[in-house]
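Here is how the chains run, residue by residue.
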Amino acid sequence: MSFSCKSAFALLNLSVCLAVQCVYPGGECYELKLQKCEGMENWTLHGLWPEWQNECEGPDFDMDALKDIHDEMESKWPSCPEYGQSEEEFWSHEWTKHGTCSGMGQLQYFKKALQMHDEYMEKCPEGNQCAICFSKNLTSQETCPNADLEDLKVLV
């Protein structure tokens, strides 16, 4: 039988899963952060954050680079009105602070986050914030910081 956090959770062997924990700062992992803006029912992206570093060297944000995915960005990665930023300001912040450290180009970074939003939003529990953590190569889930047993529902 192969090991996974899902199988370990089913066997109530939580300590093994918790050993692979995504931490900030310095973790070799990503945190996919989803949120529900005030008055909205759907999960939207807040960001895909490499936990090993912020604000790396890289190209400036280029709104034109997102023209092919602009409509999808507006629906799945809006700037919540309660934060008082335009979409362009919000996306620029996410690219400058987080995307530049991802090792991906700008379009690739935003497309990857959108794809992960679609794949994982159904795993979010009730509430208005959700964090799902992944290995640095984005192939396996890890436990997010400060996870409690309620948060571990995301792993199964």
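Above: the structure in question.
We now turn to the structure provided with this report. For clarity, every value in this text was computed on a predicted model and none was experimentally measured. (Residues numbered from 1 in each chain as written. Predicted model: local features only at pLDDT ≥ 70, side-chain atom pairs only at ≥ 80, totals over all residues. Heavy atoms only, no water.)

1. So, the packing of aromatic side chains
Here is step 1 of the chain: Tallied over the entire structure, the rule returns 7 aromatic pairs.
Here is step 2 of the chain: When the ring of Tyr 120 is compared with that of Phe 134, the centres are 4.9 Å apart and the planes differ by 70 degrees; the resulting orientation is edge-to-face. Taken together, the residues span a long stretch of sequence, with Tyr 120 in helix α5 (residues 106-120) and Phe 134 in strand β3 (residues 129-135) at a distance of 14 residues. The pair Tyr 120 / Phe 134 is uniform in exposure class, with both members buried.
Here is step 3 of the chain: The structure contains a cluster of three or more aromatic residues connected by ring pairs, namely Phe 61, Trp 77, Trp 95, Tyr 109 and Phe 110. (Phe/Tyr/Trp six-rings, centres within 6.5 Å; stacked < 30°, edge-to-face > 60°. Helix = DSSP H or I, 4+ residues; strand = E, 2+ residues; numbered from the N terminus. Buried < 20%, exposed > 50% of the residue type's maximum accessible area, 1.4 Å probe, protein only.)

2. Points about unusual backbone geometry
Trans is the common state for peptide bonds, and a negative phi is the common state for residues other than glycine.
Here is step 1 of the chain: Positive phi outside glycine occurs at Glu 55, with the angle close to 50 degrees.
Here is step 2 of the chain: Topologically, Glu 55 is positioned in the loop between β2 (44-50) and α3 (70-76).
Here is step 3 of the chain: Of note in this structure, Leu 138 is not a glycine but carries a positive phi near 60 degrees.
Here is step 4 of the chain: Of the residues examined, Leu 138 reaches a relative accessible area of 16% and is grouped as buried.

3. A word on helix α4 (residues 87-97)
Each α-helix turn comprises 3.6 residues. Residues three or four places apart therefore point the same way.
Here is step 1 of the chain: Three or more residues of α4 are buried, namely Phe 90, Trp 91, Glu 94 and Trp 95. Projected onto a plane normal to the axis of α4, the buried residues spread over an arc of 130 degrees and lie on a single side.
Here is step 2 of the chain: Considering only its buried residues, α4 is in contact with β1 (29-35), β2, α3 and α5. (Arc of directions from axis to C-beta. Contact = heavy atoms within 4.5 Å.)

4. Quick word on the packing of α4 against α5
For any two helices packed against each other, the geometry comes down to the angle between their axes and how far apart the axes lie.
Here is step 1 of the chain: As a packed pair, α4 and α5 sit with axes 11 Å apart at the nearest point and diverge in direction by 105 degrees. With respect to α5, the axis of α4 lies roughly perpendicular. From α4, Trp 91, Glu 94 and Trp 95 reach across to α5, where they touch Gln 106, Tyr 109 and Phe 110.
Here is step 2 of the chain: A per-class count over the contact of α4 with α5 returns 4 nonpolar, 1 polar and 1 charged. (Axes fitted to C-alpha atoms, helices over the stretch in contact; angles between N-to-C directions. Parallel < 35°, antiparallel > 145°, perpendicular 65-115°, else oblique. Nonpolar A, V, L, I, M, F, W, Y, C, P; charged D, E, K, R; others polar.)

5. Re the side chain of Lys 33
Here is step 1 of the chain: Summarising the element assignment, Lys 33 is placed in strand β1.
Here is step 2 of the chain: Residue class for Lys 33 comes out buried when judged on its relative accessible area of 19%.
Here is step 3 of the chain: Sequence-distant contacts of Lys 33, that is, excluding residues within four places in its chain, are made with Thr 44, Leu 45, His 46, Gly 47, Trp 49, Gln 129, Cys 130 and Ala 131.

6. Examining the pattern of salt bridges
Here is step 1 of the chain: All told, the structure shown has 4 salt bridges when counted by the stated rule.
Here is step 2 of the chain: Here Glu 28 makes a salt bridge to Lys 136, at a shortest N to O gap of 2.9 Å. One end of the pair, Glu 28, is in the loop between α2 (14-18) and β1; the other, Lys 136, is in the loop between β3 and β4 (141-142), and 108 residues separate them in sequence.
Here is step 3 of the chain: Owing to a relative accessible area of 47%, Glu 28 belongs among the partly exposed residues under this scheme.
Here is step 4 of the chain: Here Glu 72 and Lys 76 are joined by a salt bridge, their closest N and O atoms 2.9 Å apart. Of this pair, Glu 72 and Lys 76 both sit in helix α3, 4 residues apart, which is roughly one turn of that helix.
Here is step 5 of the chain: What makes Glu 72 partly exposed here is its relative accessible area of 29%.
Here is step 6 of the chain: Taken together, the salt bridges that share partners define one network made up of Glu 72, Lys 76 and Asp 118. (Salt bridge = Lys/Arg side-chain N within 4 Å of Asp/Glu carboxyl O.)

Just distances and angles here, no functional claims.
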